[in-house]
Amino acid sequence: MKIAMIGTGYVGLVSGVCFSDFGHDVTCVDTNADKIARLEKGEVPIYEPGLDVLMARNVEAGRLSFTTDLAKALKGAQAVFIAVGTPSRHGDGHADLTYVMAAAEAVAKGADDGVVIVTKSTVPVGTNRKVAETVAAANPDLDFDVASNPEFLREGAAIDDFMRPDRVVVGVQTDRGGQVMSDIYRPLFLREFPIVITDLESAEMIKYAANAFLATKITFINEIAALCEKVGADVKQVSRGMGLDGRIGNKFLHAGPGYGGSCFPKDTRALARIGQDFAAPMRITEMVIEVNEEAKRRMVTKLRDLCGGSFNEKRVAVLGVTFKPNTDDMREAPALTIVPALVGGGAEVRVCDPQGRREGEALLPGVSWASDPYEAARDADLVVVLTEWNEFRALDLRQIAGGMRTPRMADLRNVYTASDAETAGFTAYAGVGRAPYTQTG
């Protein structure tokens, strides 16, 4: 099947590459000529493990191409996926649908009859019907269907998520649209991965509901962690005891500095706004948003306490600034709250992140960058584990502590324990949801 993928951001590029690996003929389209030129050279503009190899294989096989020419991509395409950005609109939290509707209008003017126009972008309930209205208004004679196909890709594990999904959600209006979508996902259907076929509105809601629920789990365990610190409990033990309950599960019960990234912050805000618009307030989601921001601020207080009440003239090493490991994405990362607070408080901050520097240099002014964690921690007063990259999971803590001016550690991902820190020679340690350690005597 011939597919056009509009947008070569994270979702569009990963989806386009994976569809081509299913055997489809995929053309990825973007208005950014520089990005298309890089892709045509074989350069991947995002960091996603394994994507470069998969992209190269399908380009070589002739199933995957890139262009800025939408008309060329639409010619003969049986399905057109819209995978453009839907950022939070300034001022009200709504998803900005400007790019989605512009893409829909452009598709209407160049698509062939029988095309299925698929929204892959995360959009509020009712958007696909608006897409249909936009297309019909732009080209009343076009015979088309619309479909909703929300993505559930985890950054850092996107290829595996696409090829071995928990489920594929498809919202359609007609049997014809459903058949085209079934044909597209036939390789997954044959391997008996669940394909959930729904109406348009249900598919749109599934995406928001799923992300809001996962954000709630993260925020809940972070609140429990704050209480654990007060009562002397260990949140890792609490999480394990909770997660063994089959009704709860252990995923997303890892305490830390709050969620970030491209999905949870944007989608929780959008869901809260949808609830307000329809007079069905999403009170839990609204509170999740508020508590998540408080979790980030609480981390700043924790670091300040470790520094004796002030960051002024302290040297702080920050290990990891992306919102999670195995990605270069820094959108709404906790680092964007924590690091500026360090710098603003007068600290000299050195950062080490395997993939974060490309975005981080612009987003984190006033810091210096180190090539490895030992260089970052040299002569520091505090080392902060902020993103749990594998590179930071097996550090030589004795070497880290031995090279510091004042060996203190804040482990905001609970990679290490107070005992690990004490044995290595740290004079103070603080995790999240655990009793701190401070050397006495």
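Before any of the text, the structure's been laid out above.
So, here's what we can say about the structure. Please read these numbers as outputs of a predicted model, since none were measured by experiment. (Residues numbered from 1 in each chain as written. Predicted model: local features only at pLDDT ≥ 70, side-chain atom pairs only at ≥ 80, totals over all residues. Heavy atoms only, no water.)

1. Some words on the pattern of salt bridges
Consideration 1: Tallied over the entire structure, the rule returns 25 salt bridges.
Consideration 2: Of the charged contacts in the structure, one is a salt bridge between Arg57 and Asp21, with a shortest N-O distance of 2.8 Å. Placement of Arg57 in helix α3 (residues 51-60) and of Asp21 in helix α1 (residues 10-21) is noted, with a sequence separation of 36 residues between them.
Consideration 3: Notably, a salt bridge pairs Asp267 with Lys266, separated by 3.2 Å at the nearest N-O pair. In this structure, Asp267 and Lys266 share a single accessibility class: buried.
Consideration 4: One connected set of salt bridges, linked through shared partners, spans Asp143, Asp145 and Arg176. (Salt bridge = Lys/Arg side-chain N within 4 Å of Asp/Glu carboxyl O. Helix = DSSP H or I, 4+ residues; strand = E, 2+ residues; numbered from the N terminus. Buried < 20%, exposed > 50% of the residue type's maximum accessible area, 1.4 Å probe, protein only.)

2. Quick notes on unusual backbone geometry
Consideration 1: Here the phi dihedral of Glu192 falls at roughly 65 degrees; this positive angle occurs in a residue that is not glycine.
Consideration 2: Within the secondary structure layout, Glu192 lies in the loop between α9 (186-190) and β8 (195-198).
Consideration 3: Since its relative accessible area comes to 73%, Glu192 is described here as exposed.
Consideration 4: Positive phi values are uncommon outside glycine, yet Phe252 reaches one of about 65 degrees.
Consideration 5: Among the structural elements, Phe252 can be located in the loop between α11 (235-243) and α12 (264-277).
Consideration 6: For Phe252, a relative accessible area of 28% corresponds to the partly exposed category.

3. Observations concerning the environment of Asp160
Consideration 1: Relative to the helices and strands, Asp160 is located in helix α7 (residues 158-163).
Consideration 2: Asp160 sits in the partly exposed class, given a relative accessible area of 33%.
Consideration 3: Along the backbone, Asp160 and Pro49 are 111 residues apart, and their C-alpha atoms lie at a distance of 9.9 Å.
Consideration 4: A distance of 2.5 Å separates polar atoms of two side chains, one belonging to Asp160 and the other to Arg164. (Polar contact = N/O pair within 3.5 Å; in protein donor to acceptor, adjacent residues only side chain to side chain.)

4. Here's the deal with the sheet that holds strand β2 (residues 25-29)
Consideration 1: Spatially, the 8 strands line up as an open sheet ordered β3-β2-β1-β4-β5-β6-β7-β8, and their pairing is mixed. At either end of the open sheet lies a strand with only one pairing partner, and these are β3 (64-67) and β8. Across the sheet, the mean angle separating the axes of adjacent strands is 25 degrees when strand polarity is ignored.
Consideration 2: Bridge analysis of strand β1 (residues 2-6) against β2 gives 5 bridges, and the strand direction is parallel. Bridge pairing in β2 places Ala4 opposite Thr27.
Consideration 3: Strands in contact with α1 are β1, β2, β3 and β4 (79-82); relative to β1, the strand with the most contacts, it is inclined by about 170 degrees. (Pairing = 2+ DSSP bridges. Axes fitted to C-alpha atoms, helices over the stretch in contact; angles between N-to-C directions. Contact = heavy atoms within 4.5 Å.)

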